[in-house]
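Fold and contact review
Given next are the chains, with one letter for each unit.
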Amino acid sequence: MSNNFNFYSSQFRKNVSDKYIIYNSLFAALPYSGIANVGALLPILLQTCEEGFSKEKTPIEIVDYFFKQHTYVDNEKEKLDHLFKYVQYIERQVVLFDAIEDAAFTSMNDIEGKGSLKSLFREADMLGQKLALKEKLNSFKVRIVLTAHPTQFYPANVLGIIHDMGQSISKNDFNTINQYIQQLGLTPFFNKKQPTPVDEATNLMWYLENVFYNAIGNIYSHIVKEMFNDQYEEENPFIELGFWPGGDRDGNPFVNAATTLKVASALRSSIVVCYYRDVRKLKRKLTFTGVDILINELEATLYENVFRPNNTNPISKQELIDCLTTIRTKLIQEDYSLYLSKLDSLLHKVQIFGTHFASLDIRQDSRIHRSVLMSIHEHLKSTQGVGILPDDYEMLSEEAQIDALQHISGAINCDNINEGITKDTLESIQAIKFIQSTNGIASCHRYIISNCQSAVNVIELYTLFNLLGWEKTLSSIDMVPLFETIDDLAAAESIMETLYTNPNYQDHLKHRKGQQPIMLGFSDGTKDGGYLQANWSIYTAKERLTSVSRKHNVVVKFFDGRGGPPSRGGGKTNQFYASMGNQIENQEIQLTVQGQTITSNFGTIQSAQYNLEQLLSAGLSNEIFATTKSNITTEHRAILEELGHLSYVTYQQLKQHPSFLPYLQKFSPLNYYGKSNIASRPTKRGQTDTLAFNDLRAIPFVGSWSQLKQNVPGYFGVGTALQVFKEKGKWKEVESLYQTVPFFRTLIDNSMMSMVKSNFSITKYIDSDPEFSPIRNIIKEEFNLTTQLYLELTQTKSLMENDTLAKHSILFRDRIVLPLLTIQQYALCKLQETPKEEVLKIAYEKLLTRTMFGVINAARNSA
């Protein structure tokens, strides 16, 4: 292990940290006002922070000491001016580090090693499983769904700089790197106004056009070549893209039907632009008689679709395929197959992305659907004298409610509905049909029901579709229930049993090829029940849902709502999927990715291709090499059940502490997420001024613990649960669980990542606060206990000892942003002192909000 540690440490130093030191020095020479001074003073501020926290100084003491000892600043306004410049400088240091790590990706990762497709193909060949793998590839796929949740602070122009600078760094092009660093000095890093949902969609399309288009195309071509000898006739794309901005209206009042239509149109334009660029490149190669005419005609058609999008003859996926296939036949028959691979590359992309690029998901809360139904009922009663539901509908049993819903007939006209949310919900359902007619069914075919607590919630939405004139079976729509809380996960099996035995729903599933997508929410599950219990509840829910689905001859496809950090289902995601037992359906891997997770895992073509291959390989190998995989034994299952319960109880006790939410509000930037202008969606549900825990969204909840550097949702309760087993003399059983159950091992390994990112020295000053020191001590004691037991369980001397590169990256990033975290706590303390002048209060709030950007970006998977 020490040899591996030394090797990876050397690689990190050579490819990342040494380059950072060299290129970071260029910042100090930037010829912009105040920047040179900042470059000289920032290392001193970093040292002052490190020494100050080691001596248990408060953030105010550290900052005041720095200004007194190392500057001539002697008033509050000048201090604030300097601090803003330090923040801006550190933001750009983080960008530089991101670009350097991106450039080093292929040097730091074994691109063709374990988890790659090449490795998978070799293993299948050696074990005589190549035919089985080919068969599985005909149906298995990974679906990556991009969301616009507020965990990404880089605007699109900065993303472009990171991408371009990374390429220059990989070539050691010093002069060009210097130009990009100067460009960073002049480029704004934050939105002056809150982005609209269309803005969010446009920002994410940067990844679609610049990364996923090529990475997914490369993977598809590689599989077709290596496994099918370039003769693949099935329709499986292997990897699909989903898209939430513009379609996710759960809790976002700024998303409406018009937004959805705009985003669908933008997605179409985006992919047609990609095809147009590729065709122009092909045109320079395919200069042969006959072929040149066809490629010119295709170029002209795509031009019309790109620059005159309102033309009456939009090109379809099939028309593109037919045209490219005709060209392909001519190339083979008349032109010696010259440049055939380049043509095939474009043809493969058309087969994957069609004219929609990514499938737009629609999501809304089940309570809204019920409200809409009741609103329609009341509207019809007042205008026609009779409604569509029994007047006591909400008092009926679930069975009676379903029966009442399925006896509704007739149709409604949206034009006659005036109430806002009702009209928009109905128009959104109608928008799906329009999008499908323009871009194909694949462009928008899933409706996700948040807060799904009963089968009635699904049937109510089904009824709304029928009322708007959709055919009875809904043959082009998937109803996707979303189960999030611990209670919802426990009820999921009985809910699906009710749906599977409902004749109308059975008929619907027949028209959807007997397939049922089900979404499981890791974020709210962890917020509700704690790290270990949430993950175990989701695992067992998947087992039960697989069982009930198989009983009714339904293929369930699990869609995991994951965030960036382990506390929201993130971390080493491929390891999580590789650890699934065969009692969990494995037809597809579907998951959300968002914010910094997109940047860190899919920010370049190389990293995207690597991580997509890891996911594909994890899912494929689970079934192909099933002999090497064991399910969880009854004994181990009992241990997990008890550990989950113990951790749940411990976490609930913390949540019920009277200081729990006030602590987070006072010492973290929780109350300022809404002022950061990073997302269109509000940070909490409900319209009240006061913040209730149930209204708080998972992202600001987890993100605030990350900014506080305590990361409670990633470990709290696990240490106490492990300690109970140790005190009972059952430690050997826990060690056996860790050594033999990949699922548990992955949970512990991912949890350690949350803990490595913690730093309690920054908030040591809270110990002198009589109101909040008790809850901080509870959290710190659980952290210490968990650390001690994790080290004993893993037989290591430090957390993440076996993941050297990731740990080095985390520690280096944390050191870059330590002054930023200090400034953030300094601003919080100043605001708690209540500045005498309103202008100072506003300035401290702006400073605090601004510090959040760099901290989030540096963490890469903090929320």
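Note: the structure precedes this text.
Structural notes, computed from the coordinates.

Quick notes on the rules
Residues numbered from 1 in each chain as written. Predicted model: local features only at pLDDT ≥ 70, side-chain atom pairs only at ≥ 80, totals over all residues. Heavy atoms only, no water. Helix = DSSP H or I, 4+ residues; strand = E, 2+ residues; numbered from the N terminus. Rg over C-alpha atoms; globule rule 2.2 N^0.38 Å. Contact = heavy atoms within 4.5 Å. Areas by Shrake-Rupley, 256 points an atom, 1.4 Å probe, with all protein chains shown as cover. Lys, Arg positive; Asp, Glu negative; His and termini not counted. Charge placed at Lys NZ, Arg CZ, Asp CG, Glu CD. Buried < 20%, exposed > 50% of the residue type's maximum accessible area, 1.4 Å probe, protein only. Pairing = 2+ DSSP bridges. Right-handed = clockwise from strand over helix to strand, strands pointing away. Axes fitted to C-alpha atoms, helices over the stretch in contact; angles between N-to-C directions. Parallel < 35°, antiparallel > 145°, perpendicular 65-115°, else oblique. Left-handed = near helix turned anticlockwise from the far one by under 90°. Nonpolar A, V, L, I, M, F, W, Y, C, P; charged D, E, K, R; others polar. Polar contact = N/O pair within 3.5 Å; in protein donor to acceptor, adjacent residues only side chain to side chain. Core = buried A, V, L, I, M, F, W, Y, C linked by side-chain atoms within 4.5 Å. Phe/Tyr/Trp six-rings, centres within 6.5 Å; stacked < 30°, edge-to-face > 60°. Lys NZ or Arg CZ within 6 Å of the ring centre and 35° of its normal. Expected span 1.5 Å × (residues − 1). Salt bridge = Lys/Arg side-chain N within 4 Å of Asp/Glu carboxyl O. Arc of directions from axis to C-beta. Disulfide = S-S within 2.5 Å.

1. Observations regarding the overall build of the protein chain
Looking only at helices and strands, the protein chain has 34 helices and 9 strands in total. Scaling as 2.2 N^0.38, a compact globule of 863 residues should have a C-alpha radius of gyration of about 29 Å, and the protein chain matches this with 28 Å. For the C-alpha atoms alone, the extent of the protein chain along its principal axes is close to 75 × 75 × 60 Å. Intrachain contacts of the protein chain at a sequence separation of at least 6 include 80% that bridge at least 24 residues. For the protein chain, the accessible area works out to roughly 34700 Å², and carbon and sulfur atoms hold 49% of it. Mean positive and mean negative side-chain charge positions of the protein chain (86 and 94 charges, respectively) differ by 5 Å.

2. Focus on the pairing of strand β5 (residues 446-450)
Here is the key point about a regular strand: its side chains alternate between the two faces of the sheet. Most of β5 sits out of view: 5 of its 5 residues are buried. Along β5, one buried face is formed by Arg446, Ile448 and Ser450 and the opposite face, lined by Tyr447 and Ile449, is buried too. The pairing of strand β4 (residues 362-365) with β5 spans 4 bridges and is parallel. Paired with Gln364 across the strands is Ile449, a residue of β5. As defined by bridge partners, β5 adjoins strand β6 (residues 478-483) across 4 bridges and the pair is classed as parallel. Across the sheet, the residue bridging to Arg446 is Asp478, located in β6. Regarding the hand of the β-α-β motif, the stretch spanning β5, helix α18 (residues 455-467) and β6 is right-handed.

3. Section: the sheet that holds strand β3 (residues 359-360)
Read across the sheet, 9 strands follow the order β3-β2-β1-β9-β8-β7-β6-β5-β4 without closing on themselves; strand pairing throughout is parallel. In this open sheet, the two strands that pair with only one neighbour each are β3 and β4. Examined bridge by bridge, strand β1 (residues 141-147) and strand β9 (residues 588-594) share 7 bridges and lie parallel to one another. Bridge pairing in β9 places Val142 opposite Ile589.

4. Notes on the packing of helix α26 (residues 634-655) against helix α29 (residues 718-727)
Where α26 contacts α29, the axes come no closer than 8 Å and their chain directions differ by 130 degrees. As the angle between them shows, α26 and α29 are arranged oblique. Note on packing geometry: the crossing formed by α26 with α29 is right-handed. Packed against α26, whose contacting residues are Ile639, Glu642, Leu643, Leu646, Ser647 and Thr650, the element α29 presents Val718, Thr720, Ala721, Leu722, Val724 and Phe725 at the interface. Split into classes, the residues belonging to the contact of α26 with α29 amount to 8 nonpolar, 3 polar and 1 charged.

5. With respect to the environment of Ser270
For Ser270, the position within the fold is in helix α11 (residues 257-283). Here Ser270 falls in the buried class, since its relative accessible area comes to 4%. Remark: the alpha-carbon pair of Ser270 and Ala698, spanning 428 residues in sequence, is separated by 31 Å. Excluding anything up to four places from it in sequence, Ser270 contacts Met205, Glu209 and Phe357.

6. Structural notes on the side chain of Thr592
The residue Thr592 is located in strand β9 in this model. For Thr592, the side chain forms a polar contact with the main-chain oxygen of Arg562, separated by 2.7 Å.

7. Overview of the nonpolar core
The biggest cluster of nonpolar side chains holds 271 residues, and the ones touching the most others in it are Phe243 and Phe744. The greatest single-element share of this core, amounting to 17 residues, is contributed by helix α10 (residues 197-228). Ignoring any residue separated from it by four or fewer positions in sequence, one finds Phe744 in contact with Leu640, Leu643, Leu722, Val734, Leu737, Tyr738 and Leu793. Val145, Trp244, Leu482 and Met519 belong to the second largest nonpolar core, which has 7 residues in total.

8. Side note on the environment of Lys542
You can see Lys542 is positioned in helix α22 (residues 531-551). Not counting the four nearest positions on each side in its chain, Lys542 is found in contact with Leu520, Phe558, Asp560, Phe576, Tyr577 and Ile584.

9. Examining the environment of Thr804
You can see Thr804 is positioned in helix α33 (residues 804-832). Under the relative-accessibility criterion, Thr804 is labelled buried at 8%. Measuring from C-alpha to C-alpha, the distance between Thr804 and Met227 comes to 34 Å, with 577 residues separating the pair along the chain.

10. Considerations on the packing of aromatic side chains
Counted by the stated rule, this structure contains 43 aromatic pairs. Arranged with centres 4.6 Å apart and planes meeting at 50 degrees, the rings of Phe228 and Tyr232 form a pair that is tilted. Accessibility expressed as a relative area gives 11% for Tyr232, which makes it buried. On the basis of an interplanar angle of 85 degrees and a centroid distance of 5.3 Å, the ring pair of Phe576 and Tyr577 is categorised as edge-to-face. Note on Phe576: relative accessible area 6%, which makes it buried. Judged by its relative accessible area of 5%, Tyr577 falls in the buried class. The rings of Phe660, Tyr663, Phe667, Phe693, Phe701, Trp705, Tyr765 and Phe772 are connected pair by pair, giving a single aromatic cluster. The ring of Trp470 has Lys433 sitting right over it, with the charged end atom 4.8 Å from the ring centre. If you follow Lys730 out to its NZ or CZ, it ends over the ring of Phe725, 5.7 Å from the centre.

11. As for helix α32 (residues 773-794)
An ideal rise of 1.5 Å per residue puts 32 Å on 22 residues; α32 measures up with 31 Å between its terminal C-alpha atoms. Following α32 by one or two positions, Gln795 has its phi on the positive side, about 55 degrees.

12. Topic: the pattern of salt bridges
Taken as a whole and assessed by the stated rule, the structure comprises 45 salt bridges. Across the pair Glu91 and Arg92 runs a salt bridge, and its minimum N-O distance is 3.5 Å. You can call Arg92 buried: its relative accessible area is 9%. For Glu497, the salt bridge is made with Lys551, and the minimal N-O distance between the two is 3.1 Å. One end of the pair, Glu497, is in helix α19 (residues 486-500); the other, Lys551, is in helix α22, and 54 residues separate them in sequence. A relative accessible area of 55% places Lys551 in the exposed class. A cluster of three or more residues bridged by salt bridges with shared partners is formed by Lys141, Arg143, Glu240, Asp361, Arg446, Lys557 and Glu588.

13. Overview of unusual backbone geometry
Residues other than glycine seldom take positive phi values, yet Tyr336 does so here, at roughly 60 degrees. Phi is positive for Leu474, which is not a glycine, with a value near 50 degrees. With respect to the helices, strands and loops of the structure, Leu474 is situated in the loop between α18 and β6.

14. Observations regarding helix α7 (residues 130-137)
Three or more residues of α7 are buried, namely Leu133, Lys136 and Leu137. Buried residues along α7 cover an arc of 100 degrees about the axis, so they all sit on one side. Exposed residues on α7 whose side chains face more than 90 degrees from its buried face are Leu131 and Glu135. Turning to α7, the residues buried within the fold contact α6 (117-126), α10 and α25 (605-624).

15. Notes on the state of the cysteines
With the rule as written, the count across this model stands at 0 disulfides. For Cys444, which is in no disulfide, the shortest distance to another cysteine sulfur is to Cys414 and amounts to 15 Å. Judged by its relative accessible area of 0%, Cys444 is buried.

Any functional reading would require information that these geometric values do not contain.
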